[in-house]
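The residues making up each chain are set out below.
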Amino acid sequence: MSYFLELELYGELTRDLAPMQALHTEQCQSCDEFAANIQSMADEEVWILADPPYGVVHFWQPAEDPEVWSAFMESEWPDYVYFDDQGEVGSGEAVTSTYALNFAYDDGDGHWRVDAVLDASMGDEALDRLDGQQEGEDAPETLEDPSLPEPPELLSEESPEGALAASEYWLEVLDYTAATGDESALNSFEHSEGSVLGSIFEGFLEAHAEGGDVSLLAESSLEDIEVYMDIADSDDNLAVVHGLLDEGGWVISDASGATVAVDEGLQGELSNLIFSFDDAAGQWLVVDMAPGDVGELEEFLGIEFGEPDLSRR
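Here is a short report on the structure shown in this document. (Residues numbered from 1 in each chain as written. Predicted model: local features only at pLDDT ≥ 70, side-chain atom pairs only at ≥ 80, totals over all residues. Heavy atoms only, no water.)

**Remarks on the sheet that holds strand β8 (residues 213-216)**
Two modes of strand pairing occur in sheets, parallel and antiparallel, and in both the strands are linked by backbone hydrogen bonds.
Turning to step 1, where the next piece is worked out: The strand order β8-β11-β12 describes an open sheet built from three strands, whose pairing is antiparallel. Every other strand in the sheet has two partners, leaving β8 and β12 (259-263) as the edge strands with one partner each. The mean inter-strand angle of the sheet, taken between neighbouring strand axes irrespective of direction, is 20°.
Turning to step 2, where the next piece is worked out: Direction of pairing for strand β11 (residues 250-253) relative to β12: antiparallel, over a ladder of four bridges. Directly across from Trp250, in β12, lies its bridge partner Asp263.
Turning to step 3, where the next piece is worked out: Set on the sheet, helix α5 (residues 160-180) makes contact with β8 and β11; between it and β8 the angle comes to about 145°. (Pairing = 2+ DSSP bridges. Helix = DSSP H or I, 4+ residues; strand = E, 2+ residues; numbered from the N terminus. Axes fitted to C-alpha atoms, helices over the stretch in contact; angles between N-to-C directions. Contact = heavy atoms within 4.5 Å.)

Structure representation (structure tokens):
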């Protein structure tokens, strides 16, 4: 966030947009809009002189895409002056604005990128909601922290019923790990090839590590379930449990007890929970969680699932 503000000022002062453009993702349109504003100043041969802006990040929370996080911030731009080769041609007073920005982590380059600069009103609405929560107004009710979940007996059964039990256990592990910061259940249930699990819990574990707290709004659940085990061209003892996922949602507080984020989680989203039966462990292990319908997952993996081995509506 600080780097974003520095590059924004740098672009206005120097008209060198390369650093700003490099910070944005390819699909972000905000960089083009910013470049157009700078080009307009250049066409008129007008420059701006201003002190660095000051920004405050109020809180972060995951966006709909689990790889993207939204930052709600308030920035203050000091007084500024426009001038050309003849001298001052205009000025402006300090302005304070709120923004909602999306950031996506670029694994290839190993750093965050700006994915979208959202409508400022979204930042205003988020800050209003946060103010109400901090003052105790309309604060969401939360559940008590869950107990350490016990692995079900069916977890050791290589059957559609066992895979279904694995999906139910995964939701309990999801809620427990996020709410307590205790990774013991996750570590014993996570497959060595799991690719998404770390990103799911990163923000929650960071909150706990910094002395904060994570409270559950509701228990996570999966409905309209289909279990697929007869998967062609697969030697990994895989099972896919497909259904409509409702994550319970979480309230994240800092060490002072102030609410810093309300993450409502995925609600009614088509999801695929992928498990592998590990012969050495003698049980199902969670591998991944992928969004979308079964057809999309089949196309992505390049394999066919066939008919569901078990359905529960």
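**Digging into the environment of Ile38**
Turning to step 1, where the next piece is worked out: Relative to the helices and strands, Ile38 resides in helix α3 (residues 30-43).
Turning to step 2, where the next piece is worked out: Its relative accessible area of 3% is what places Ile38 among the buried residues.
Turning to step 3, where the next piece is worked out: With 21 residues separating them along the chain, Ile38 and Leu17 place their C-alpha atoms 8.5 Å apart.
Turning to step 4, where the next piece is worked out: The residues contacting Ile38, other than those within four sequence positions of it, are Gly11, Glu12, Arg15 and Leu17. (Buried < 20%, exposed > 50% of the residue type's maximum accessible area, 1.4 Å probe, protein only.)

**Quick word on α5**
Turning to step 1, where the next piece is worked out: Here α5 spans 30 Å end to end across 21 residues, near enough to the 30 Å set by a 1.5 Å rise per residue.
Turning to step 2, where the next piece is worked out: Most of α5 is tucked away: 17 of the 21 residues are buried.
Turning to step 3, where the next piece is worked out: Downstream of α5 by a residue or two, Gly181 has a phi angle that is positive, lying close to 80°. (Expected span 1.5 Å × (residues − 1).)

**Examining the nonpolar core**
Generally speaking, a soluble globular protein has its nonpolar side chains buried in company with each other.
Turning to step 1, where the next piece is worked out: In terms of nonpolar packing, the biggest core is built from 37 residues, with Trp170, Phe189, Val241, Phe275 and Trp284 touching the most fellow members.
Turning to step 2, where the next piece is worked out: If one sorts the elements of this core by residue count, α5 sits on top with ten residues.
Turning to step 3, where the next piece is worked out: Listed in part, the eleven residues of the second largest apolar core include Tyr228, Leu238, Val287 and Val294. (Core = buried A, V, L, I, M, F, W, Y, C linked by side-chain atoms within 4.5 Å.)

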